[in-house]
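Chains, contacts and geometry: an overview
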Amino acid sequence: MRITVLSGGVGGARFLLGLRAICSPDDHVTVIGNTADDITLAGLRVCPDLDTVMYTLGDGIDAERGWGRRDESWHAMAELAEYDDPSAWFALGDRDLATHLVRTRLLAAGVPLSEVTRRLCARWRLGVDLLPMTDDPVESHVVIDAPDDGSGAAAPGQPEGEPGRRTVHFQEYWVRLQAPKAYLVTAVGADRARPAPGVLAAIADADVLLLPPSNPVVSIGTILAVPGIRTAIQRSRAAVVGVAPIISGAPVRGMADRLLPTIGVEVSAGAVGAHYGARSAGGILDGWLVDDADRSDLAPLRALGLRAAAMPLLMTDPASTAAIATAAIELARSAGAAAP
Ligand code: FO1
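Presented here is an overview of the structure given in this document. Every chain is numbered independently, its residues counted from 1 as its sequence is written. Reporting in this predicted model follows two pLDDT cut-offs: at least 70 for local features of residues, and 80 or more for side-chain atom pairs to be given and counted; totals over whole chains, interfaces and linings ignore these cut-offs and use all residues. The side-chain numbers reported here are obtained from all heavy atoms of the structure, hydrogens and water having been left aside.

1. Observations regarding the overall build of the protein
Comment: elements are numbered from the N terminus, with helices defined as DSSP H or I runs of at least four residues and strands as E runs of at least two. Secondary structure assignment for the protein yields 13 helices and 14 strands. Radius of gyration: C-alpha atoms only; globule rule: 2.2 Å multiplied by the number of residues to the exponent 0.38. Taken over the C-alpha trace, the protein has a radius of gyration of 19 Å; the compact-globule value for 340 residues is 20 Å, and the two agree within 12%. In terms of overall dimensions, the protein has a C-alpha envelope of 60 × 45 × 35 Å along the principal axes. Total accessible area computed for the protein in this model is approximately 14,400 Å², and 54% of it derives from carbon and sulfur atoms. Surface exposure here means Shrake-Rupley accessible area, sampled with a 1.4 Å probe, where a residue is shielded only by the protein chains that are shown.

Next up, the structure:
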């Protein structure tokens, strides 16, 4: 079976561990990773969502943090802080730095991000193909309230924010500012971005296309913002199934609840499923998995034309994650069986 997965960071990577565990040798998994979290800091290009997938499936991840390397040290970062380097708010571990140094060197030599990612992943033997959504630069920028010292400046490429508002890079929003109230998220550069080599084929040729419990705004939403990807999903022969990132009104982890209001979507499993929409109604989903706590969402989801099922969605351990992946595949099979 050919399975393609659109993935953001921590939630997507955890789901992929379970999916890989249930795959047989003749299954093939391709991951299309979000790159709108990417940021250049201390002169280095950092790709958090690609690295979280790479480290998680490569067994180098710090499982507690969900990002960065296990057995990490922070000497370089401490030295950057001593120099008052402007990047010191973002924790770049000593082992993690090697990834960014290699990536930045290759990018500077003109190697496209998809090839850079392939070379980095070769070391980690992921058992899946990891493709960036695009080789072109795309960055999520967030409009927030300006600080009262008026130091706010619109991020490059952003229209001047409204008075009293400012625009910051997603990483500054999430890490440095701890996710204050957000008014708008824009994937800067997405309109000019092209799907990376292999992305459209991975969507068109898949038997099953999965949306793991990644952030609907800054992970799945940004992947769908790359021109051509949404249409490819709608036209794909694959059955498309997603897993709700919200359980009884709260995000499993991360910040999905902080950003859903910026796209006018209620913080619930059913609302996110409705937001993606049924493919039969112009959306991108055939099926949607919700947690048992959200069984009341099943009827409204089915009324939208979605096949919907409920099960425990907390990815507490590899076995529970494998059970979710199994259920998603089963839902896809039943949806696929129903598709003309
Ligand atoms: N998240 C934090 O909360 N604090 C950090 O200092 C931090 C540094 C960091 C460095 C490299 C990397 O790949 C990820 C890092 N993250 C950090 C996580 C990152 O902000 C988020 O995981 C993703 O961008 C959201 O999926």
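After that view, the rundown keeps rolling.
2. Observations concerning the pairing of strand β10 (residues 239–243)
Burial analysis of β10 places 5 of its 5 residues in the buried class, which makes it a mostly covered element. Working definition: with a 1.4 Å probe on protein chains only, accessible area under 20% of the residue-type maximum means buried, over 50% means exposed, and in between means partly exposed. Of the two faces of β10, both are covered, the one formed by Ala239, Val241 and Val243 as well as the one formed by Val240 and Gly242. Here, strands pair whenever DSSP counts at least two bridges between them. Sheet analysis places strand β9 (residues 208–211) next to β10, joined by 4 bridges and oriented parallel. For Val208, the partnering residue across the bridge sits in β10 and is Ala239. As paired elements, β10 and strand β13 (residues 287–291) share 3 bridges and run parallel to each other. Looking at the pairing, Gly242 lines up with Trp288 of β13.

3. Observations concerning the sheet that holds strand β7 (residues 165–169)
Reading across from one edge, β7-β6-β8 is the order of the 3 strands in this open sheet, with antiparallel pairing throughout. Edge positions in the sheet fall to β7 and β8 (182–188), since each of these pairs with one other strand and no more. Within the sheet, the average angular offset between the axes of one strand and its neighbour, ignoring direction, is 25 degrees. In this sheet, β8 lies alongside strand β6 (residues 139–145) in antiparallel orientation, the contact comprising 6 bridges. In this analysis, axes come from line fits to C-alpha atoms, helices being fitted only over the stretch in contact, and the angle between any two N-to-C directions falls in the range 0 to 180 degrees.

4. What about helix α11 (residues 269–276)?
Of all 8 residues making up α11, 6 are buried, and the element is well covered by its neighbours. Every buried residue belonging to α11 is among Ala269, Gly270, Ala271, Val272, Gly273 and Tyr276, and all of these are buried. For α11, the elements touching its buried residues are β9, α8 (220–224), β11 (246–247), β13 and α12 (298–303). After α11 finishes, the residue Gly277 shows a positive phi value of roughly 80 degrees. Whether two residues are in contact is decided by their heavy atoms, any of which lying within 4.5 Å being enough.

5. Re the packing of aromatic side chains
Aromatic ring pairs are defined here through the distance separating the ring centres and the angle between the ring planes. Two rings belonging to Phe, Tyr or Trp (six-membered ring only in the last case) form a pair when the distance between their centres is within 6.5 Å. Interplanar angles under 30 degrees mark stacking, angles over 60 mark edge-to-face geometry, and anything in between is tilted. For the coordinates displayed, the defined rule picks out 5 aromatic pairs. Judged by centre distance (6.4 Å) and plane angle (70 degrees), the ring pair of Trp67 and Trp74 falls under edge-to-face. As a reminder, the over-ring test applies to NZ of lysine and CZ of arginine, requiring each to be within 6 Å of the ring centre and within 35 degrees of the ring normal. In this structure, Arg165 is placed above the aromatic ring of Tyr183, and the distance from its NZ or CZ to the ring centre is 3.4 Å.

6. Regarding the site of the ligand
Note on terminology: near, applied to a residue and a molecule or strand, indicates that one of the residue's heavy atoms is within 4 Å of it. With respect to spatial proximity, 13 residues lie near the ligand, and among them Asp37, Asp49, Phe90, Ala91 and Gln171 are the closest. Polar contact criterion, stated in full: a pair of N or O atoms within 3.5 Å, where within protein one must be able to donate a hydrogen and the other to accept it, and residues adjacent in sequence count only if both atoms are side-chain atoms. A distance of 2.8 Å separates an oxygen atom of the ligand from a polar side-chain atom of Asp49. Within the contact set of the ligand, an oxygen atom lies 2.9 Å away from a backbone nitrogen or oxygen of Ala91. Surface burial for the ligand is 88%, taken as the share of its 540 Å² of free accessible area covered by protein chains. Of all the secondary-structure elements, those providing two or more residues to the shell around the ligand are α2 (48–57) and α6 (170–176). When residues of the shell around the ligand are assigned to their parent elements, the largest contribution, 4 residues, is made by α6. Note that Gly is not counted as nonpolar here; it falls among the polar residues with everything else outside the nonpolar set of Ala, Val, Leu, Ile, Met, Phe, Trp, Tyr, Cys and Pro and the charged set of Asp, Glu, Lys and Arg. Residue composition of the shell around the ligand, by class: 8 nonpolar, 2 polar and 3 charged.

7. Quick look at the layout of surface pockets
A volume near 310 Å³ is recorded for the second largest pocket. The way it works is a 1 Å grid over only the protein atoms, where trapped points that fit a 1.4 Å probe form a cavity and open points with protein on both sides within 12 Å along at least five of seven lines form a pocket, and then any residue with an atom within 4 Å of a point lines it. Lining the second largest pocket are 15 residues, and of these Arg14, Leu17, Thr56, Ala63 and Pro318 sit closest to its centre. Breaking the lining of the second largest pocket down by element, the ones donating at least two residues are α1 (10–22) and α13 (318–338). With 5 residues, the single largest contributor to the lining of the second largest pocket is α1. For the lining of the second largest pocket, the per-class residue count stands at 6 nonpolar, 5 polar and 4 charged. Grid points are joined across faces, edges and corners, and a volume is the space filled by probe spheres set on the points.

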